[in-house]
Amino acid sequence: MLDLEFKQMVEKELIIELKRGDEAAFQALVSSRQTLVYNTVLGFLQNQEDAEDVTQDIFIKVFESIHQFKGDSTLTTWIYRIAVTSSFEFLRRKKRKKRFGFMSPLFGEQNEPTIEIADFFHPGIALDQRENASMLFKAIKKLPENQQIAFLLNKVEGLSYQEVSKVMNTSFSAVESLIHRAKINLREILKNLYNL
Amino acid sequence: MNSKNTIEEVLQSLENIQRAEPSPFLYTRIKGRMIRNEKSLLNIILHTIITPKSVLCITCIVIIINGYFLSNKIKEQSALAEKAQPIAVEYVHQSLNPYETTNDSPQ
């Protein structure tokens, strides 16, 4: 109980300092939440370079929009929301770039190659599970956005259903149903991927 | 049975997932990017303006605007000239009259 109160007090102080534009507070925020943000983003993007890039963007966004943080949720929940939104924004942008890629030679843009890397190997997966996890990540990408968010936050980030519901701004039962449907869909997708 | 097992195995492959660590220089990179963003605001504007495409576009726009104003000016001038024509004719006529009368008057 005391620990929770202390954490809340520290968080309040941190938010006040961040709103003042304090650099040390920002450094503390980055060092305490970098793994959280990076892992969340990595789960969605399935590319380490992109994840590192988007993580940097997220922290800049957090610093620039801290004045909009009203304290309705915890700072961590708020950061999770920004991470999820930014990840999907990035994926949409990438998809758009790929769709209109044929136009880039006309305008002479030197964009990065849009060829997607086929297999993603999460660095936190044990060697004996690498192939299976890679297949699972491939299947996760085919899920609807809401199911992806719920499933990844629960399975990769290790958030409880309650915490996921706070991040997604939805009810506990909605998260339960999303994860249940995600599992059903994943079984179907995997069947197709394995030609079973 | 075997296929079901395979799928369940795959679904459980994230069970003991460890957290991935970002680059140890993440904060430095974020700070660098923030400084670059501040500095490059003007650069971005300049870069979007000064490209071969945009220079060509701006040149075309300038030529079109110039052409529009030039044609308007020519029209205005010709309209003015048309208006001034009868006055000029009358003026010339009037100014020529004294000579004509002097010439016409018998000595």
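Our structure's up above, just so we're on the same page.
Notes on the structure in this doc start here. (Residues numbered from 1 in each chain as written. Chains lettered and ligands numbered in written order. Predicted model: local features only at pLDDT ≥ 70, side-chain atom pairs only at ≥ 80, totals over all residues. Heavy atoms only, no water.)

1. With respect to the overall build of chain A
To keep things clear, this is the line we draw: Each helix corresponds to a stretch of at least 4 residues labelled H or I by DSSP, and each strand to a stretch of at least 2 residues labelled E; elements are numbered beginning at the N terminus. Under the scheme applied here, a residue whose accessible area is under 20% of the maximum for its type counts as buried, over 50% as exposed, and between as partly exposed, the area being computed with a 1.4 Å probe on protein chains only. Contacts are residue-level and defined by heavy atoms, with any inter-residue pair within 4.5 Å sufficient.
Across its full length, chain A holds nine helices and zero strands. Counted from the first residue to the last, chain A has its helices and strands arranged as α-α-α-α-α-α-α-α-α. Going through the 196 residues of chain A one by one, you find that 43% of them count as buried. Nonlocal contacts in chain A, meaning residues at least 24 apart in sequence, comprise 62% of its contacts between residues at least 6 apart.

2. With respect to the overall build of chain B
Condition: Areas reported here follow the Shrake-Rupley algorithm with a probe of radius 1.4 Å; residue values treat only the protein chains shown as occluding.
A count of helical and extended segments in chain B gives three helices and zero strands. Listed by position from the N terminus, the elements making up chain B come as α-α-α. For chain B, buried positions account for 15% of its 107 residues. Accessible surface for chain B amounts to roughly 9100 Å². Of this, 64% is attributable to carbon and sulfur atoms.

3. Observations concerning the nonpolar core
Short version of the rule: Remark: nonpolar core denotes a set of buried residues (Ala, Val, Leu, Ile, Met, Phe, Trp, Tyr, Cys) joined through side-chain atoms within 4.5 Å.
In this structure, A:Phe26, A:Leu29, A:Leu75, A:Ile140 and B:Leu14 are the most contacted members of the largest nonpolar core, which totals 67 residues. The greatest single-element share of this core, amounting to 11 residues, is contributed by helix 2 (residues 23-45) of chain A. The contacts of A:Phe26, once residues within four sequence positions are left out, are A:Leu18, A:Phe59, A:Phe63, B:Tyr27, B:Ile30 and B:Met34.

4. Focus: helix 6 (residues 130-140) of chain A
In an α-helix there are 3.6 residues to a turn, and that puts residues three or four apart on one side. Across the 11 residues of helix 6 of chain A, eight count as buried, placing the element largely inside the fold. Along helix 6 of chain A, the residues that are buried comprise A:Asn132, A:Ala133, A:Ser134, A:Met135, A:Leu136, A:Phe137, A:Ala139 and A:Ile140. Its buried side turned inward, helix 6 of chain A meets helix 2, helix 7 (145-155) and helix 9 (172-194) of chain A together with helix 1 (2-11) of chain B.

5. With respect to the interface of chain A and chain B
Interface extent is often summarised as the accessible area lost during association of the parts. We count it as follows: When two parts are put together, the accessible area they lose, computed with a 1.4 Å probe and summed over both, is reported as buried area. Every case where a carboxyl oxygen of Asp or Glu lies within 4 Å of a side-chain nitrogen of Lys or Arg is listed as a salt bridge. Here a polar contact means two N or O atoms within 3.5 Å. Within protein one must be a hydrogen donor candidate and the other an acceptor candidate, and residues neighboring in sequence count only if both atoms are side-chain atoms.
Contact with chain A, which involves 41 residues of that partner, is made by 25 residues of chain B. Taken together, the two surfaces of chain A and chain B that pack against each other cover about 3100 Å², and 66% of this comes from carbon and sulfur. Across the pair B:Glu8 and A:Arg187 runs a salt bridge whose closest N-O atoms are separated by 2.7 Å. On inspection of chain A and its partner chain B, the count reaches 10 residue pairs in polar contact (both at pLDDT 80 or more).

6. Comments concerning unusual backbone geometry
All names here are of chain A. Non-glycine residue Gln46 carries a positive phi angle of around 55 degrees. One can find Gln46 in the loop between helix 2 and helix 3 (48-64). Within the chain, Asn169 stands out as a residue other than glycine whose phi angle is a positive 55 degrees. Within the element layout of this structure, Asn169 appears in the loop between helix 8 (161-168) and helix 9.

7. Let's talk about the environment of B:Leu42
Among the structural elements, B:Leu42 can be located in helix 2 (residues 26-49). Residue class for B:Leu42 comes out exposed when judged on its relative accessible area of 57%.

8. As for the pattern of salt bridges
Residues and elements named next belong to chain A. Under the criterion given, the structure shown has 13 salt bridges over all chains. In this structure, the salt-bridge partner of Lys61 is Glu89, at a minimum N-O distance of 3.5 Å. Here Lys61 is found in helix 3, whereas its partner Glu89 is found in helix 4 (residues 75-99), with 28 residues between them in sequence. For Glu89, a relative accessible area of 36% gives the class partly exposed.

9. Quick word on the state of the cysteines
Residues and elements named next belong to chain B. Let me state the cut-off plainly: Any cysteine sulfur atom paired with another within 2.5 Å is treated as part of a disulfide.
A full pass over the atoms with the stated rule returns zero disulfides over all chains. Cys57 takes part in no disulfide bond, and the closest cysteine sulfur to it belongs to Cys60, at a distance of 6.5 Å. With relative accessibility at 44%, the residue Cys57 sits in the partly exposed group.

10. Quick look at the packing of helix 3 of chain A against helix 4 of chain A
Residues and elements named next belong to chain A. Put simply, the rule reads: To obtain an axis, a line is fitted to C-alpha atoms, over the contacting stretch when the element is a helix, and the angle between two such axes runs from 0 to 180 degrees between their N-to-C directions. Angles below 35 degrees are treated as roughly parallel, those above 145 as roughly antiparallel, those between 65 and 115 as roughly perpendicular, and all remaining angles as oblique. Each crossing gets its handedness from the near helix: less than a right angle anticlockwise from the far helix is left-handed, clockwise is right-handed. As a working rule, the residues Ala, Val, Leu, Ile, Met, Phe, Trp, Tyr, Cys and Pro are called nonpolar, Asp, Glu, Lys and Arg charged, and the rest polar, with Gly in that last group.
For the pair helix 3 and helix 4, interaxial distance at closest approach is 10 Å and the crossing angle is 130 degrees. With respect to helix 4, the axis of helix 3 lies oblique. Helix 4 is crossed by helix 3, and the crossing has right-handed handedness. Residues Asp50, Val54, Ile58, Lys61 and Val62 of helix 3 form the contact with helix 4, whose own contacting residues are Trp78, Ile79, Ile82, Ala83, Ser86, Ser87, Glu89, Phe90 and Lys94. Along the lines of polarity and charge, the residues of the contact of helix 3 with helix 4 split into eight nonpolar, two polar and four charged.

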